[in-house]
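Fold and contact review
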Amino acid sequence: MSAVVGPELPPQRRATAVRAFQALPPEDRHDVLALARQGRRHPDERVAAVAWWYAAAVLQPRWYNRMPVVLPLLVALALAVAGLVLNAWPLVLLGVVVLLLGAALARQRLSTAPLLRLMRPADGL
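Residues numbered from 1 in each chain as written. Predicted model: local features only at pLDDT ≥ 70, side-chain atom pairs only at ≥ 80, totals over all residues. Heavy atoms only, no water.

Topic: unusual backbone geometry
- In this structure, N87 takes a positive phi of about 55 degrees despite not being glycine.
- If you trace the backbone, N87 turns up in the loop between α5 (70-85) and α6 (89-117). (Helix = DSSP H or I, 4+ residues; strand = E, 2+ residues; numbered from the N terminus.)

Rendered as structure tokens:
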């Protein structure tokens with residue numbers, strides 16, 4: 001999966017976008033994500049705008065959003081193998097943590113990248 005990053009936003013704007021998305025009813029959040037996966041915008045323009053700004057807030061141009069999704073899996077595998085070979089359980093535990101963080105990052109990208117690919121709303125938050 002290629003890296004999709006949003007525009008650089010100031011911290012206050014990111015926080016506002018995340019709070020606005022979390023304030024939406026769960027049904028609207030679910031609907032907007034499902035429609036975005038199909039390449040369609042939510043019919044309510046307000047909900048679509050809030051969702052787009054949320055995606056832009058969480059997909060900031062940071063190193064962790066630009067790296068390939070498979071990289072944490074490879075690092076976790078290398079740590080686990082090294083931990084097992086060296087009989088060092090902390091390395092195995094670190095591998096599990098890296099794997100979980102990588103899975104969370106992949107899930108976030110998979111759910112929000114389709115939102116960001118939709119047309120940018122004309123109005124801000």
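Examining the packing of aromatic side chains
- Tallied over the entire structure, the rule returns 3 aromatic pairs.
- Ring centres of F21 and Y54 lie 4.1 Å apart, and the angle between their planes is 10 degrees; this geometry places the pair in the stacked category. Of this pair, F21 sits in helix α1 (residues 11-23) while Y54 sits in helix α3 (residues 45-58), and the two are 33 residues apart along the sequence. The exposure classification of F21 matches that of Y54, with both residues buried.
- The interplanar angle of 85 degrees and the centroid separation of 5.0 Å between the aromatic rings of W52 and W53 together place this pair among those described as edge-to-face. With respect to class, W52 is no different from W53; both count as buried.
- A cation over a ring is seen here: R13 above W53, with NZ or CZ 4.1 Å from the ring centre. (Phe/Tyr/Trp six-rings, centres within 6.5 Å; stacked < 30°, edge-to-face > 60°. Buried < 20%, exposed > 50% of the residue type's maximum accessible area, 1.4 Å probe, protein only. Lys NZ or Arg CZ within 6 Å of the ring centre and 35° of its normal.)

Section: the side chain of N65
- Here N65 is to be found in helix α4 (residues 63-66).
- A relative accessible area of 0% means that N65 is categorised as buried.
- A distance of 2.8 Å separates the side chain of N65 from the backbone oxygen of Q60, its partner in a polar contact. (Polar contact = N/O pair within 3.5 Å; in protein donor to acceptor, adjacent residues only side chain to side chain.)

Notes on the pattern of salt bridges
- Following the criterion strictly, the structure yields 2 salt bridges and no others.
- One salt bridge in this structure joins R62 and E8, with 3.0 Å as the shortest N-O distance. Linking R62 in the loop between α3 and α4 with E8 in the segment before α1, this pair joins segments that are 54 residues apart in sequence.
- For E45, the salt bridge goes to R41, with nearest N and O atoms at 2.7 Å. (Salt bridge = Lys/Arg side-chain N within 4 Å of Asp/Glu carboxyl O.)

Points about the confidence of the model for the protein chain
- A residue-level look at the protein chain finds 94% of positions with pLDDT of 70 or above and a mean pLDDT of 90.
- Mean pLDDT values over the elements of the protein chain span from 84, in α4, up to 95, in α1. (pLDDT = per-residue confidence, 0-100.)

Details of the nonpolar core
- Among the nonpolar cores identified, the biggest contains 24 residues, and F21, V32, W53, A56, L115 and L116 are the most heavily contacted of them.
- Elements with a contribution of two residues or more to this core: α1, α2 (26-37), α3 and α6.
- Counting residues per element, this core draws most heavily on α3, at 10 residues.
- Contacts of L115, omitting those with residues within four sequence positions, involve V32, L33, A36, A51, W52 and A55. (Core = buried A, V, L, I, M, F, W, Y, C linked by side-chain atoms within 4.5 Å. Contact = heavy atoms within 4.5 Å.)

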